[in-house]
Structure formats: structure tokens, C-alpha cells
Amino acid sequence: MMNEEICRDIRQMVSGKVLSGERMSGYTSIGVGGPADVLVFPDGFEELGRLVSFLTARGTPFVTVGNWTNIIVRDGGYRGVVVSLKNLGAVSLREGTAGGPGVYAQAGANLSDLVSLSAEKGFAGLEFCAGIPGSVGGAVKMNAGAYGSEMKDVIQSVTLMDRSGHVRECDRDQLVFHYRRLDIPDEDVILAATFRLSPGQKDEITAKIREIVTKRRGKHPLEYKSAGSIFKNPQEKPAGRIIEDLGLKGMQVGGAKISEKHGNFIINTGTAQAKDVTMLIEIVQQAAYDRTGIRLEPEVVILGEEA
Ligand SMILES: Cc1cc2nc3c(=O)[nH]c(=O)nc-3n(C[C@H](O)[C@H](O)[C@H](O)COP(=O)(O)OP(=O)(O)OC[C@H]3O[C@@H](n4cnc5c(N)ncnc54)[C@H](O)[C@@H]3O)c2cc1C
């Protein structure tokens, strides 16, 4: 009843799709997750602003998502409104710092589109993002990184919307990035980002991208559904190495399995439920702590209720 009422109200302010009771397993890259009360796809910043301020005034919990590649939704689903920015995906060229090259992207754009556009224009700096399957918003929020670079190294500015729908532009020096996290209030929505790049050689950039994609294919179990690296790398050594040294590769709970190829990936063998994945996470954390004293902290974001 609550869902029908809220869906009706949201449909009056949003022209994009508004779905009720949609199972999140059809959206998360690892293929697990129960239903969300409401899943909405705003079509523009203005209607997103109306939606966010409405939800805040109503006291309804909401969460913003991009490509769902770093999220595990529990089997009971999400009580509240999931706001997908997939319809806000414009990408364009922008001047970077000191007149250098730059690109602007709305939060729902795929990182891969940004990588392709910069390569095509001969702008260097985003090659490290090649093969990261996220959206721009998700990558900025997670301070996504690979091969020694992170979002924080290329961000020039980020446009944010607060929970009342107010928009503000933050320059790089106003933003605090940590390992796999941008420090912003939980309900702030990332609307867009501008990246400062440097002039480069098109063929060199393309060759670097190819090299990175080939490396990733060799290391990651891309033939299975997953959420990427499950744990942050602790200072002592990479999480994947710790898990391998503990002999946990190949361990399976229900349909979730620690990849034989990469210890820090949990793969869905076809029938995994979120509880299988979270149980494996707990088993690994306990084993790592008991046997090495290292506390492994999840990199993935775990949302929602137990079934
Ligand atoms: C095969 C594979 C390989 C991967 N490799 C890497 C890698 O090399 N390096 C790496 O860092 N990550 C990697 N990842 C993880 C993931 O792709 C990145 O973290 C990515 O940047 C997440 O983007 P997303 O759009 O999927 O975010 P989502 O999973 O949709 O969301 C992640 C978090 O960001 C929040 N969020 C999303 N969009 C917004 C927004 N617009 N405003 C506010 N909050 C928002 C969500 O609420 C959630 O907390 C990999 C994942 C997979 C499946």
C-alpha cells in the first residue's frame, strides 16, 4: 500500500520509469538481491532535485546507484527508494586546468565511454579506468582505482546535490578522498564530474588501454558474475594474496564461491543468494583475523535487509 502511494506521488514528479517491488538481483553485477520498495530512473537534474527533496521531507530512506558493480543487496531487499542515475549519462569535452584538456560527464555515464572519448581525442590520464565497469558517479563515490591511479588524481571538480535538492560545485581541493571512498554525506548525490587530463599520443593511449584490459582479463574471473574486489587491500599485503595464503580459494557457500583465479573475487556460480555471499565474507574475515590478525574490511557496499 505504502509502495503504491509513493509510486503514484513519484510518477507525478518524474518522467522516467518508476518500478515497484523490482528484484535487485536483476541489476547487481553479482546477480543477488531482493526487491526494492521503489526503483526510479529520473530523466533530468530538475526532477531528481524534486524527488530527493520530496523523499527527504517525507523521511523516506533512499540510495543512489550507478551501474550496481560494487553493491550487494541482501535477500530481503531495500526498504525505501533506489534512485538510478542511468538516464543522466551525457559526456562532453571541457577545458581542464590552465586551459589543458578535460572531459565532463554526468554521473550515469559509463566510465568506459569516458575512456573511449579521451582516447579518441588523444587525452591521457583515464587509461587506468579501462575495464572498470562502473558509472562516473559510482567511481567518484568509491574513489575507484587500479594500477596505481585513482579517481582523486584526475578529478577537477564534482557537482553534488544535497538531501534537500540544493546543488553545489566542489573543486578538487574542497573534496576529501580516502582509499575507495569520497568523504561526502551519505545522502549527497553526485550529479557530474569534470576530469583534468593531459595532452597525449592517441596510439600510446590506446596501446596502454589494450595492455590494461588484457592484464585484467588474465587476472579477473570475468566469465562469472561478481562485484569486483570484495575486500579493501590492507597495508600488510593484498587481500587476494591473504585469502590465497589461507587456502580459501575455491571455498563455496551455496552458489557463491571464492574465485580460483583471484582470491579477492566472490563469484556467483549461477544460484547464489546474497546470504551465501555475506556468509563467505564473514568466514574469510574470521579466518584472516584468527590466523593473521589482519582485519579485512569489505570494499563492496552491502545494502538492505536480511530475508
Ligand atoms: C569485474 C569488476 C572489476 C572491477 N574492478 C575494479 C577496479 O579495478 N577498481 C575499482 O576501484 N573498482 C573495481 N570494481 C568495482 C566497481 O566497478 C567500482 O567501484 C565502480 O566505480 C562502481 O561504480 P558503479 O556505478 O557500479 O557504482 P554502484 O555499485 O552503483 O555504487 C557504488 C556506491 O556508490 C554509490 N553511488 C553510485 N552512484 C552514486 C551517485 N551518483 N551519487 C552518490 N553515490 C553514488 C552507491 O550508493 C554505492 O554506495 C570492479 C567491479 C567488477 C564487477
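Residues numbered from 1 in each chain as written. Predicted model: local features only at pLDDT ≥ 70, side-chain atom pairs only at ≥ 80, totals over all residues. Heavy atoms only, no water.

### A closer look at the site of the ligand
Working step 1: If you check the shell around the ligand, you find 35 residues, and the closest are Thr64, Thr69, Ser135, Gly145 and Arg216.
Working step 2: Asn67 places a polar main-chain atom, nitrogen or oxygen, 2.8 Å from an oxygen atom of the ligand.
Working step 3: One of the side-chain N or O atoms of Thr69 is found 2.6 Å from an oxygen atom in the ligand.
Working step 4: About the coverage of the ligand: the protein hides 94% of its 960 Å² of free accessible area.
Working step 5: If you list the elements that add at least two residues to the shell around the ligand, you get strand E3 (62–65), helix H4 (136–142), strand E9 (145–146), strand E15 (189–196) and strand E17 (225–229). (Near = heavy atom within 4 Å. Polar contact = N/O pair within 3.5 Å; in protein donor to acceptor, adjacent residues only side chain to side chain. Areas by Shrake-Rupley, 256 points an atom, 1.4 Å probe, with all protein chains shown as cover. Helix = DSSP H or I, 4+ residues; strand = E, 2+ residues; numbered from the N terminus.)

### A short note on the sheet that holds strand E20 (residues 265–268)
In sheet architecture, strand pairing relies on hydrogen bonds along the backbone and comes in two forms, parallel and antiparallel.
Working step 1: Pairing in this open sheet of four strands is antiparallel, and the strands run E17-E20-E19-E18 from one edge to the other. Across the chains shown, the open sheet's two edge strands, defined by having one partner strand only, are E17 and strand E18 (252–253).
Working step 2: Sheet strands in contact with helix H7 (residues 274–292) are E18, strand E19 (256–258) and E20, and its direction is about 30 degrees off that of E19. (Pairing = 2+ DSSP bridges. Contact = heavy atoms within 4.5 Å. Axes fitted to C-alpha atoms, helices over the stretch in contact; angles between N-to-C directions.)

### What about the environment of Ala227?
Working step 1: Mapped onto the fold, Ala227 is located in strand E17.
Working step 2: Using a relative accessible area of 1% as the deciding quantity, one classes Ala227 as buried.
Working step 3: Residue contacts for Ala227: discarding those within four places in its chain leaves Ser29, Ile30, Thr69, Asn70, Ile266 and Val300. (Buried < 20%, exposed > 50% of the residue type's maximum accessible area, 1.4 Å probe, protein only.)

### A short note on the sheet that holds strand E2 (residues 36–40)
Working step 1: The four strands are arranged E1-E2-E5-E3 in an open sheet whose pairing can be described as mixed. Either end of the sheet is taken by a strand with one partner, and the two such strands are strand E1 (18–20) and E3. Within the sheet, the average angular offset between the axes of one strand and its neighbour, ignoring direction, is 20 degrees.

### With respect to the packing of aromatic side chains
Working step 1: Evaluated as defined, the whole model comprises one aromatic pair.
Working step 2: Taking 5.3 Å as the distance between ring centres and 35 degrees as the angle between the ring planes, the aromatic pair formed by Tyr27 and Trp68 counts as tilted. A residue pair is termed long-range when its members are at least 10 positions apart, and Tyr27 in the loop between E1 and E2 and Trp68 in the loop between E3 and strand E4 (71–73) qualify at 41 residues.
Working step 3: We classify Tyr27 as partly exposed; its relative accessible area is 23%.
Working step 4: One Lys or Arg, Lys17, reaches over the ring of Phe41 and ends 4.9 Å from the middle of that ring.
Working step 5: Over the aromatic face of Tyr104 sits the side chain of Arg94, whose NZ or CZ is 4.2 Å from the ring centroid. (Phe/Tyr/Trp six-rings, centres within 6.5 Å; stacked < 30°, edge-to-face > 60°. Lys NZ or Arg CZ within 6 Å of the ring centre and 35° of its normal.)

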